[in-house]
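# Analysis of the macromolecular model
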Amino acid sequence: MRSVYLPILAFALLATTVAAQEPRYALVTHNNVPVMAGPKRPDAQLMKVASGQVVQFLGREGEFGKVKLPGGVEAYVAKGRASQPYLAMEETGEARVLVSRLKIRPHPNLDWPAMGTLEPNQRLIVLEEAADGWIKILAPRDQAVYIHSDYLDTEGDQATWATTFTNSDKLRRTQILASGKISEKAIARLEETEKVNTRLEAAEKAMAEYAGGKASAERLRQLETEYRGIAEAAPEGSLARTTAEERLTYIQDRREAAEKFEDARRRIAELEKSKAAREARYGESLASFRENKEREMATPKPANSRFLQYGIGELHRVFVTETQRPTWVLSKGLEKRFVVTSERYDLSEYHGKTIGVTGWEKLGTPKGKDLQ
């Protein structure tokens, strides 16, 4: 059984990480500012940029600011030998790296120091084949370059600079691709990648809204579907696909937890409803029972047994004399109710036995001798 708490904690940490990685931007303050391949004086100069250029600021290394340029930078990698190729070329204007730590250089020869390295299966956009076994590429998006800190302003309007950089990045990247002899085939793929990245950005914003909160299972299912679509559309090995797959795994766990929670809450609601219905029926039955009892008590009912109409008691002899015949009294408890005589029956047979009275004849009050 998966824990409900772990995904919530992981999501809270994810939101904190995203907030901590909010990109910053800087403005180039002078004309013809050199862009260097590294933060050291001997590193190669790649180009020069003009005043007013917005760059993404990644931090400082010594006297230099580490930045990303709009559109990226053009670079070179060695194609390798016939017996040991470094790249697998594809018809789409792309190449796949086959070796570890393949060095990126600012110019197509070994005299220039490396700008960075590539790892196996990393995909590259090929601009053209240069001379002597070199391939001109558009460096990966995370490729950083360096501008002296004296020429960078990092304290301006970040929102405006972010918009400027995003627009410049798309325009410049398209221009670089269109200028290559091979990379024209990759433009359509780039556009698809941009669409995937846009979808991913929107999904990440939607997901951040539920960081640490209570998202319904239905909303999580929608996010799950969106991230699955992004993972399927993104190129294999791309950051977009990796990110979408990670989010997909997390959302599936959280959605299952939400479904279990909603199912439990639904069952509780059903039990509460059933309990309320039972209590209502019990209350109705009890009220009806009370009404019936009150009605019965208020309305006398004839006895179902004819014995009950007149009473039940025990027969006892009260006196016997030589001159008088036996006389019997029918008693109820200690209370004597009826004097019993019989010309027809020998009542001594019923002495001490329980007798049921089915009727009586009311006699007049005796007088004189009879009274005695």
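Refer to the preceding data block for the structure.
The following refers to the structure shown. Sequence order as written defines residue numbering, which begins from 1 separately in each chain. Residues qualify for local features only when their pLDDT is at least 70, as the model is predicted, and side-chain atom pairs are given and counted only at 80 or more; totals for whole chains, interfaces and linings, by contrast, use all residues. The side-chain numbers reported here are obtained from all heavy atoms of the structure, hydrogens and water having been left aside.

Take the overall build of the protein next. Secondary structure elements are defined from DSSP: runs of H or I of at least 4 residues count as helices, runs of E of at least 2 residues count as strands, and each element is numbered from the N terminus. Along the backbone of the protein there are seven helices and 18 strands. A buried classification covers 31% of the 372 residues belonging to the protein. A contact between two residues is defined here by any heavy atoms of the two lying within 4.5 Å. Restricting to contacts in the protein with at least 6 residues of sequence separation, those with at least 24 account for 62%. A total of about 24,500 Å² of accessible surface is found on the protein, and carbon and sulfur atoms cover 51% of it. For every residue, the accessible area obtained with a 1.4 Å probe (protein chains only) is divided by the maximum for its type, and the residue is called buried under 20%, exposed over 50%, and partly exposed between those limits. In these tables, accessible area is a Shrake-Rupley quantity obtained with a 1.4 Å probe, and a residue counts as shielded only by the protein chains included in the view.

Right, let's talk about the pattern of salt bridges for a bit. The salt bridge definition used is simple: a Lys or Arg side-chain nitrogen within 4 Å of an Asp or Glu carboxyl oxygen. Applying the stated rule across the entire model yields 15 salt bridges. One salt bridge in this structure joins E61 and K66, with 3.9 Å as the shortest N-O distance. Residues R123 and E90 are paired through a salt bridge, measuring 2.7 Å at the closest nitrogen-oxygen approach. One end of the pair, R123, is in strand β11 (residues 123-129); the other, E90, is in the loop between β7 (87-89) and β8 (94-97), and 33 residues separate them in sequence. On the basis of relative accessibility, which here comes to 29%, the residue E90 falls in the partly exposed class. When salt bridges with common partners are traced through the structure, they connect R221, E224, R228, R255 and E259 into a single cluster.

The next thing to look at is unusual backbone geometry. Here the phi dihedral of R101 falls at roughly 55°; this positive angle occurs in a residue that is not glycine. For R101, the position within the fold is in the loop between β8 and β9 (102-104).

The subject of this paragraph is the sheet that holds β11. One open sheet accounts for five strands, arranged β6-β12-β11-β8-β7; its pairing is antiparallel. Each having just a single partner strand, β6 (74-78) and β7 make up the two edges of the open sheet. For this sheet, the mean inter-axis angle between neighbouring strands, taken without regard to orientation, is 45°. Pairing between strands is defined by DSSP: at least two bridges between the two strands are required. Here β6 runs beside strand β12 (residues 134-138); their pairing, made up of five bridges, is antiparallel. By the bridge assignment, Y76 is partnered in β12 with K136. Note on geometry: axes are lines fitted to C-alpha atoms, helical ones only across the stretch in contact, with angles between N-to-C directions running from 0 to 180 degrees. Contacts from helix α2 (residues 158-179) reach β6, β11 and β12, with the element oriented near 50° to β11.

Now for the packing of aromatic side chains. What counts as a ring pair is set by centres within 6.5 Å for rings of Phe, Tyr and Trp (its six-membered ring), and what kind of pair is set by the plane angle: stacked under 30 degrees, edge-to-face over 60, tilted for all other angles. Counted by the stated rule, this structure contains one aromatic pair. Pairing Y25 with F165 gives two aromatic rings, centres 5.4 Å apart and planes at 50°, and the pair type is tilted. Linking Y25 in strand β1 (residues 24-28) with F165 in helix α2, this pair joins segments that are 140 residues apart in sequence. Take Y25 and F165: they sit in the same class, and that class is buried.

Another point: the nonpolar core. A general trend in soluble globular proteins is that nonpolar side chains are found buried together. Put simply, buried Ala, Val, Leu, Ile, Met, Phe, Trp, Tyr and Cys residues joined by side-chain atoms within 4.5 Å make one nonpolar core. Among the nonpolar cores identified, the biggest contains 30 residues, and V77, L87, I147 and L152 are the most heavily contacted of them. Beyond its immediate chain neighbours, meaning those up to four positions away, V77 contacts L87, L102, K103, I104, L118, G133, W134, I135 and I137. Residues A217, L220, A240 and A258 belong to the second largest nonpolar core, which totals 18 residues.

By the bridge criterion, five bridges tie strand β4 (residues 54-61) to strand β5 (residues 64-68) in an arrangement that is antiparallel. Counted as the bridge partner of E61 is F64 from β5. Here β4 folds back onto β5, and the loop between the two strands holds two residues, one of which, G62, carries a positive phi near 65°. With four bridges connecting them, β5 and strand β13 (residues 145-148) associate as antiparallel partners. By the bridge assignment, G65 is partnered in β13 with I147.

This part takes up α2. Expected span of a helix, by definition, is 1.5 Å for each gap between consecutive residues, and there is one gap fewer than residues. When the terminal C-alpha atoms of α2 are compared, their 31 Å separation across 22 residues agrees well with the 32 Å that a helix rising 1.5 Å per residue should span. Turning to α2, its buried residues are Q158, W161, F165, D169, R173, I176 and L177. Buried residues of α2, seen end-on, are gathered within an arc of 110° and therefore sit on one face of the element. Those residues of α2 that are exposed and angled more than 90 degrees off the buried face are A159 and L171. Nitrogen and oxygen atoms within 3.5 Å of one another constitute a polar contact, given that in protein one can donate a hydrogen and the other can accept it, and given that sequence-neighbouring residues count only through two side-chain atoms. At the N-terminal end of α2, a side-chain oxygen is found 3.2 Å from the backbone nitrogen of A159, two or three residues along, and the residue is D157. When we speak of the arc, we mean the arc of directions from the helix axis to the C-beta atoms.

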